[in-house]
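# Fold and contact review
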Amino acid sequence: MGKNIYEMLNDVKINEDEYEKMELTEFDKAQKQKRILKKIKKNNKSGKNIRKAALAAAAACAVVIGAAGAANPAMAKDLFSSTIGKLIENRQGTKDEKETKIYEKIAEGSLTAQEETAKHQDKNYNTSADVNGVNVSISDIYCDGYIVYYTAVLKTDNEELNQADFISAGKGSDTVTVNGIEPGGVRMSFEKASDGTFVKSGEIDLMDIGRDTDEESFADEDTLEVECAMENLIGYKDDEWDENGEYMSTGKVDGEWKMSFPVTVDRSANVTYQINKEDNGVKVCDVVKTKAGLVLTVETPDFTKKPYNDPYNDPDLAVVDTDGNSLQWLYGGIYKQNDDGTAIYKIMVLYENQTDLTFEVTNKNVNDKKIASIDFEIQ
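Computed from a predicted structure; not experimentally measured.

## Some words on the sheet that holds strand E15 (residues 316–320)
Sheet architecture is open: three strands sit in the order E15-E18-E19, paired in antiparallel fashion. Either end of the sheet is taken by a strand with one partner, and the two such strands are E15 and strand E19 (369–377). For this sheet the average axis-to-axis angle between neighbouring strands, irrespective of direction, equals 15 degrees. Here strand E18 (residues 356–363) pairs with E19 via eight bridges, running antiparallel. Note on E19: the bridge partner recorded for asparagine 363 is lysine 369.

## Overview of the packing of aromatic side chains
Enumeration according to the criterion identifies six aromatic pairs in this entry. When the ring of tyrosine 142 is compared with that of tyrosine 149, the centres are 6.2 Å apart and the planes differ by 55 degrees; the resulting orientation is tilted. Taking the relative accessible area as the measure of exposure, tyrosine 142 reaches 1% and is therefore buried. Relative to tyrosine 247, the ring of phenylalanine 166 has its centre 5.2 Å away and its plane inclined at 85 degrees; by these criteria the two rings are edge-to-face. Here phenylalanine 166, found in strand E5 (residues 166–169), pairs with tyrosine 247, found in strand E11 (residues 247–264); they are 81 residues apart in sequence, far enough to count as distant. Ring pairs connect the aromatic residues Phe166, Tyr236, Trp241 and Tyr247, which therefore count as one cluster.

## Describing the packing of helix H5 (residues 82–91) against helix H6 (residues 100–109)
The contact between H5 and H6 brings their axes to 9 Å, and the two run at 165 degrees. The angle between H5 and H6 places the two elements in the roughly antiparallel class. The way H5 lies across H6 gives a crossing that is left-handed. The segment H5 lies against H6, with Ile84, Leu87, Ile88 and Arg91 engaging Thr100, Tyr103, Glu104, Ile106 and Ala107. Residue composition of the contact of H5 with H6, by class: six nonpolar, one polar and two charged.

About the criteria used
Once a new chain begins, its residue numbering starts again from 1 and follows that chain's sequence as written. Given that this is a predicted model, residues contribute local features only at a pLDDT of at least 70 and side-chain atom pairs are listed and counted only at 80 or more, while totals for whole chains, interfaces and linings are drawn from all residues. To get the side-chain values, take all heavy atoms of the structure and skip hydrogens and water. One requirement defines pairing of two strands: DSSP has to find at least two bridges between them. Only runs of H or I of at least four residues qualify as helices and only runs of E of at least two qualify as strands under DSSP, and these elements are numbered from the N terminus. Here, axes are lines fitted to C-alpha atoms. For helices the fit covers the stretch in contact, and angles between N-to-C directions go from 0 to 180 degrees. Any Phe, Tyr or Trp ring, taking Trp's six-membered ring, that has another such ring centre within 6.5 Å forms a pair; planes under 30 degrees apart are called stacked, those over 60 apart edge-to-face, and the others tilted. Relative accessibility decides the category of a residue: with a 1.4 Å probe and only protein chains considered, values under 20% of the type maximum give buried, values over 50% give exposed, and everything between is partly exposed. Roughly parallel means an angle under 35 degrees; roughly antiparallel means over 145; roughly perpendicular covers 65 to 115; every other angle is labelled oblique. Left-handed describes a crossing in which the near helix is turned anticlockwise from the far one by less than a right angle; the clockwise case is right-handed. Any pair of residues with heavy atoms lying within 4.5 Å of one another is described as a contacting pair. Gly is placed with the polar residues, together with every amino acid not listed as nonpolar (Ala, Val, Leu, Ile, Met, Phe, Trp, Tyr, Cys and Pro) or charged (Asp, Glu, Lys and Arg).

The following block contains the structure:
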């Protein structure tokens, strides 16, 4: 496989004497890092442009490198987020490559764990846990009021774990709580990176606390307290299986890794669009544009009844652009189920500055028969 953008940055030579030296605060460094990522994303549209992207990014890195005291552009890979960079690298050329768009958006809108905890110096947080020779630490934190993404890195000298392709906590022992409550979300395994460390991302659905209840959403809070706990880390090979068809284990390290970190609910980029358009009993009420996505509030009828006649009441929902391409699904589902069979959905999709969009509903049990199509515009 050819070099990716991050590896090519290591090969680019720059003359640091050509750039003005300046002192940057941690906040300034973070802002520079995000600009670097945007430059990479803009230029890295195809393999033909990867060299161009590396050169452009190297120039953008120069001032940050000088301020950070780094003598080699190789430091550039770590400046905006080594963990997110490794997650992107792992997906190059795989079936999950489309996930790189999510990680790029996270990087643009996230803070490092150090930046986040520095905003809450009146409290003590444990963003890193070192147990039985295995260190796990929180790296990046993203929040837009609807969803939290966080990344983590695992390092160890344990030979058995280092033989693994991925590392998971023991069954049922990877837990996350927000303000003492366990919300919905996704808990990923640690996946091996090219430098031998293991990296992971996690997703927390902040609206989950209010789903189908009268409780208020976590999105109404300004600061959240997140606690993560993992027990008994197990290494696995992703292409070897035992006699029971389970992934082959390389080894296990018992223990408990407990971490905590704050999350500032950042709604500063959120813009709400009142849509209030209806088609065949389906209504798009409003759309919120966040730093990374679009959150749609949708009212639906009871699809088991006429004229829909869907006995499973599980239509396909999608947001598509003018070319008919579906925007990448982040999360979503029924937020509130009413007694009469109607429901309110909350849906989030990745947003990449499209203007004209359509919300489509189809009956996947009747040859994808289209139920509703509602156009809306985002500026």
